[in-house]
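# Structural characterization, general
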Amino acid sequence: TGSGSADAFRRAAGLGDRPYLLCLGRVDTGKGSGALARFFTLYKQRHPGELALAFVGPVGDAHDLPSSPDIVVTGPVEDEAKWGAISGAELLVSPSPRESFSIVLMEGWTHGVPAMVNGWCDVTVEHCRSSGGGLWFGDYAEFEAGLGRIVADSALRDRLGRAGRRYVERNSSWPAVTDRYVRFLESVASGAG
């Protein structure tokens with residue numbers, strides 16, 4: 001999953017060389033897609049430029065997405081295109097107010113891509129807080145401030161992305177997961193004896 005697949009995704013999505021934010025997963029009002037699109041549209045009015053927003057995933061109830069040349073909705077894509085979309089993104093945005101784990105965050109951090117998450121989602125905020133791999137927003141002003149900082153500062157993007165990658169390696173890699181499972185089984189066995 002190198003730059004070749006990122007370039008292929010950019011071509012397929014019609015993004016060209018534009019930098020883009022990625023929202024990966026179900027495109028649905030309940031997942032915060034409409035709110036993200038509205039925030040992004042307002043951001044672009046206040047900060048014109050090349051930045052785009054790509055929604056990648058199955059399209060559900062997304063009737064409230066504004067029509068904009070800066071917003072691309074691809075629908076579902078094959079795995080290679082998904083990994084290309086992730087690796088080419090400036091930032092992964094998770095606008096959902098309700099997540100129980102968020103595999104998408106872990107996938108983004110695996111590629112060193114920083115994150116912005118909905119500040120009303122305790123789970124994703126805690127992942128960002130614990131990892132140092134992202135920021136969160138509760139309203140438009142926080143979205144604008146966070147996005148502005150991340151987009152303008154490549155060193156900050158790199159730092160957040162590296163922190164997220166370390167977090168995934170520490171907590172979600174197979175060795176980390178199996179080690180926790182073994183410790184759990186040993187504690188159960190020692191309690192039964």
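Here, every reference points to the structure presented above.
Cut-offs and rules
- Residues numbered from 1 in each chain as written.
- Predicted model: local features only at pLDDT ≥ 70, side-chain atom pairs only at ≥ 80, totals over all residues.
- Heavy atoms only, no water.
- Helix = DSSP H or I, 4+ residues; strand = E, 2+ residues; numbered from the N terminus.
- Buried < 20%, exposed > 50% of the residue type's maximum accessible area, 1.4 Å probe, protein only.
- Areas by Shrake-Rupley, 256 points an atom, 1.4 Å probe, with all protein chains shown as cover.
- Core = buried A, V, L, I, M, F, W, Y, C linked by side-chain atoms within 4.5 Å.
- Contact = heavy atoms within 4.5 Å.
- Salt bridge = Lys/Arg side-chain N within 4 Å of Asp/Glu carboxyl O.
- Phe/Tyr/Trp six-rings, centres within 6.5 Å; stacked < 30°, edge-to-face > 60°.
- Lys NZ or Arg CZ within 6 Å of the ring centre and 35° of its normal.

### Brief notes about the overall build of the protein
A tally of regular secondary structure across the protein gives 8 helices and 6 strands. Its helices and strands in sequence order give the protein the pattern α-β-α-β-β-α-β-α-β-α-β-α-α-α, from N to C terminus. Sorting the 193 residues of the protein into buried and exposed places 45% on the buried side. Only carbon and sulfur atoms are counted for the fraction: they give 54% of the accessible area of the protein, which is about 9700 Å².

### Details of the nonpolar core
Ranked by internal contacts, the top residues of the largest apolar core, which has 25 residues, are F9, L15, Y20, L22 and W109. Going through the elements one at a time, α1 (3-13), β1 (20-24), β2 (52-56), α3 (79-88), α4 (103-110), β5 (115-118), α5 (122-131) and α7 (154-171) are the ones with two or more residues in this core. At 4 residues, the largest contribution of residues to this core is made by α4. Each residue touching W109, except ones within four places of it in the same chain, is listed here: P114, A115, H127, C128, S131, G133, G134, G161, G164, R165, Y167 and V168. By size, the runner-up hydrophobic cluster in this structure holds 22 residues, among which are C23, I71, L147 and L156.

### Some details on the pattern of salt bridges
A pair can form between side chains of opposite charge whenever their charged atoms are brought close. Within this structure, the stated rule accounts for 9 salt bridges. A salt bridge links K44 to D70; the nearest nitrogen and oxygen atoms lie 3.4 Å apart. Taken together, the positions of K44 in helix α2 (residues 33-46) and D70 in the loop between β2 and β3 (71-75) put the pair 26 residues apart, joining distant regions of the chain. The same class applies to K44 and to D70, which are both buried. When the shortest N-O distance is used, the salt bridge between E126 and R129 registers 3.8 Å. Here E126 and its partner R129 are both found in helix α5, 3 residues apart, which amounts to about one turn of the helix. Using a relative accessible area of 51% as the deciding quantity, one classes R129 as exposed. What emerges from the salt-bridge pattern is a single network uniting R18, K44, E50 and D70.

### Brief notes about the side chain of E144
Counting through the fold element by element, E144 comes out in helix α6 (residues 140-152). Look at E144 and you get buried, because its relative accessible area is 14%. Non-local contacts of E144, meaning those with residues more than four positions away in its chain, are made with Y43, R46 and H47.

### A few points about the packing of aromatic side chains
All chains considered together, the criterion is met by 8 aromatic pairs. Both rings, one in F9 and one in Y20, keep their centres 5.7 Å apart while their planes meet at 50°; by these two values the pair is tilted. Of the two residues, F9 sits in helix α1 while Y20 sits in strand β1, which places them 11 residues apart along the sequence. Each member of the pair, F9 as well as Y20, carries the same accessibility label: buried. Ring geometry for W109 against Y167: centres 5.7 Å apart, planes inclined by 85°, an arrangement best described as edge-to-face. Taken together, the positions of W109 in helix α4 and Y167 in helix α7 put the pair 58 residues apart, joining distant regions of the chain. Taken together, the ring pairs connect F39, Y43, F137, Y140 and F143 into an aromatic cluster. The ring of W83 is capped by K82, whose NZ or CZ atom sits 4.7 Å from the centre of that ring.

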